[in-house]
Amino acid sequence: MADDSNNIQQGVINQQGAIGSYAAIGDSFTEGVGDPGPDGTFVGWADRFAVLLADQLPDPAHGNFRYANLAVRGRLLDQIVEEQVPRAKELAPDLVSFCAGGNDIIRPGTDPDDVAERFERAVADLTRSVGTVMVTTGFDTRNVPVLRHLRGKIATYTAHVRSIADRYDCPVLDLWSLRSVQDRRAWDDDRLHLSPEGHTRVALRAAQVLGLEAPADPDQEWPPQAQRGTLEVRRDDIHWAREYLVPWIGRRLRGESSGDHVEAKRPDLLPL
């Protein structure tokens, strides 16, 4: 009887247009790299966003909210389409967030137009099977040292993603316009992934995109910070190159990925 009541309540939630289930697909950004949790897994913006979604439901339905995170670090677009999109279609949640293509774009020689064509085919497939597909743009990387020189390529792909969203009536988590992540404190020490505060800002923006009441402004000003000297900046650059850049280049040369032997942290739609 309890299970029947839950099913009835879930049906009422969906009929009223509320989001009772959510699945996140993508790469390290959606897995939450840069935002470590106490149990050794990553938290990240999607986990934080799921909590905000659950909090918007009425108290009797709050416990029925279900969430899956299928994202795995290092995944390229075609891998996400092959491994995660079919599972998201099988789960058929009310909402899917789809962020993919970033790892393709930062690779030398890739064409953002070609990546966008493959991204669109996946969006078309997803929209036929799930309630709503929220797509995610790239960040404006003008102030991100390791990605600054790719800004034009990322901007081209972002423009494609927005056009695809228009064609398929998808809400857009627009990270390019999120000014607060231009601050270096929004980024992890590796300069490729967000910090816990950066992930929090993205979760708040995602809530705004869906018209939910966010508990804080994602673009609120950061606290004042002392100016760093040239020597300190240079030391940080040397440390970053030794600890992050050199290992990253080594993995590329060996054909390895940070996601090798990593599985989705939350492959099923489960209550929070």
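Our subject is the structure listed above.
For the structure given in this document, a descriptive report is provided here. (Residues numbered from 1 in each chain as written. Predicted model: local features only at pLDDT ≥ 70, side-chain atom pairs only at ≥ 80, totals over all residues. Heavy atoms only, no water.)

This part is about the pairing of strand 3 (residues 95–98). On strand 3, burial covers both faces: L95 and S97 on one face and V96 and F98 on the other are all buried. Note: strand 1 (residues 21–25) against strand 3, four bridges, orientation parallel. Residue I25 lies in a different strand from strand 3, and its bridge partner there is F98. As defined by bridge partners, strand 3 adjoins strand 4 (residues 132–136) across four bridges and the pair is classed as parallel. Within the sheet, the bridge partner assigned to S97 lies in strand 4 and is M134. (Buried < 20%, exposed > 50% of the residue type's maximum accessible area, 1.4 Å probe, protein only. Helix = DSSP H or I, 4+ residues; strand = E, 2+ residues; numbered from the N terminus. Pairing = 2+ DSSP bridges.)

A positive phi is found at A92, a non-glycine position, where the angle reads about 50°. Of note, the phi angle at D169 is positive, near 55°, even though the residue is not glycine. Structurally, D169 can be placed in the loop between helix 9 (151–168) and strand 5 (172–173).

Opposite charge on two side chains allows them to pair when their charged atoms are near. Tallied over the full model, the rule gives 18 salt bridges. Two residues, D35 and R48, come together in a salt bridge whose shortest N-O distance is 2.9 Å. Of this pair, D35 sits in the loop between helix 2 (28–31) and helix 3 (44–55) while R48 sits in helix 3, placing them 13 residues apart in sequence. The partner of D219 in a salt bridge is R179, with the nearest N and O atoms 3.8 Å apart. Of this pair, D219 sits in the loop between helix 10 (196–209) and helix 11 (230–254) while R179 is found in the loop between strand 5 and helix 10, placing the two residues 40 residues apart along the sequence. Members of the salt-bridge network, linked through shared partners, are D78, D114 and R118. (Salt bridge = Lys/Arg side-chain N within 4 Å of Asp/Glu carboxyl O.)

On to helix 3. Taking 1.5 Å of rise per residue, 12 residues should cover 16 Å, and helix 3 covers 17 Å from first to last C-alpha, within 8% of that figure. With nine of 12 residues buried, helix 3 lies mostly within the body of the structure. (Expected span 1.5 Å × (residues − 1).)

A few words now on the sheet that holds strand 2 (residues 66–69). Strand order in this open sheet of six strands is 5-4-3-1-2-6, and the pairing throughout is mixed. Each edge of the open sheet carries a strand with a single partner, namely strand 5 and strand 6 (266–271). Note that strand 1 and strand 2 share four bridges and pair parallel. The residue bridging A24 from the neighbouring strand is N69, located in strand 2. Taken strand by strand, helix 3 contacts strand 1, strand 2, strand 3, strand 4 and strand 5, and its axis lies near 170° from that of strand 1. (Contact = heavy atoms within 4.5 Å. Axes fitted to C-alpha atoms, helices over the stretch in contact; angles between N-to-C directions.)

Time to look at the packing of helix 3 against helix 10. It is at 8 Å that the axes of helix 3 and helix 10 come closest, and there the two elements cross at 45°. As the angle between them shows, helix 3 and helix 10 are arranged oblique. For helix 3 against helix 10, the interelement crossing comes out right-handed. Contacts between helix 3 and helix 10 involve G44, W45, R48, F49 and L52 from the former and P196, H199, T200, V202, A203, L204, A206 and A207 from the latter. Here the residues of the contact of helix 3 with helix 10 sort into nine nonpolar, three polar and one charged. (Parallel < 35°, antiparallel > 145°, perpendicular 65-115°, else oblique. Left-handed = near helix turned anticlockwise from the far one by under 90°. Nonpolar A, V, L, I, M, F, W, Y, C, P; charged D, E, K, R; others polar.)

This part takes up the packing of aromatic side chains. The relative placement of two aromatic rings is captured by the distance of their centres and the angle of their planes. Per the stated rule, a full pass over the model turns up eight aromatic pairs. An aromatic cluster of three or more residues is present, and its members are Y22, F29, W45, F49, Y67, F139 and W187. Cation over ring: R201 sits above W222, and NZ or CZ is 4.4 Å from the ring centre. (Phe/Tyr/Trp six-rings, centres within 6.5 Å; stacked < 30°, edge-to-face > 60°. Lys NZ or Arg CZ within 6 Å of the ring centre and 35° of its normal.)

In this fold, R118 is placed in helix 8 (residues 112–127). Overall, R118 belongs to the buried group, its relative accessible area being 16%. Polar contacts involving the side chain of R118 include one to the side chain of D78, which spans 2.8 Å. Residues in contact with R118, not counting those within four places in the same chain, are L77, D78 and D104. (Polar contact = N/O pair within 3.5 Å; in protein donor to acceptor, adjacent residues only side chain to side chain.)

Below, the discussion takes up the pairing of strand 2. Where a strand is regular, its side chains alternate between the two sheet faces. In this sheet, strand 6 lies alongside strand 2 in antiparallel orientation, the contact comprising three bridges. The partner of Y67 across the bridge, within strand 6, is L270.

No statement about biological role is implied by the geometric values presented.
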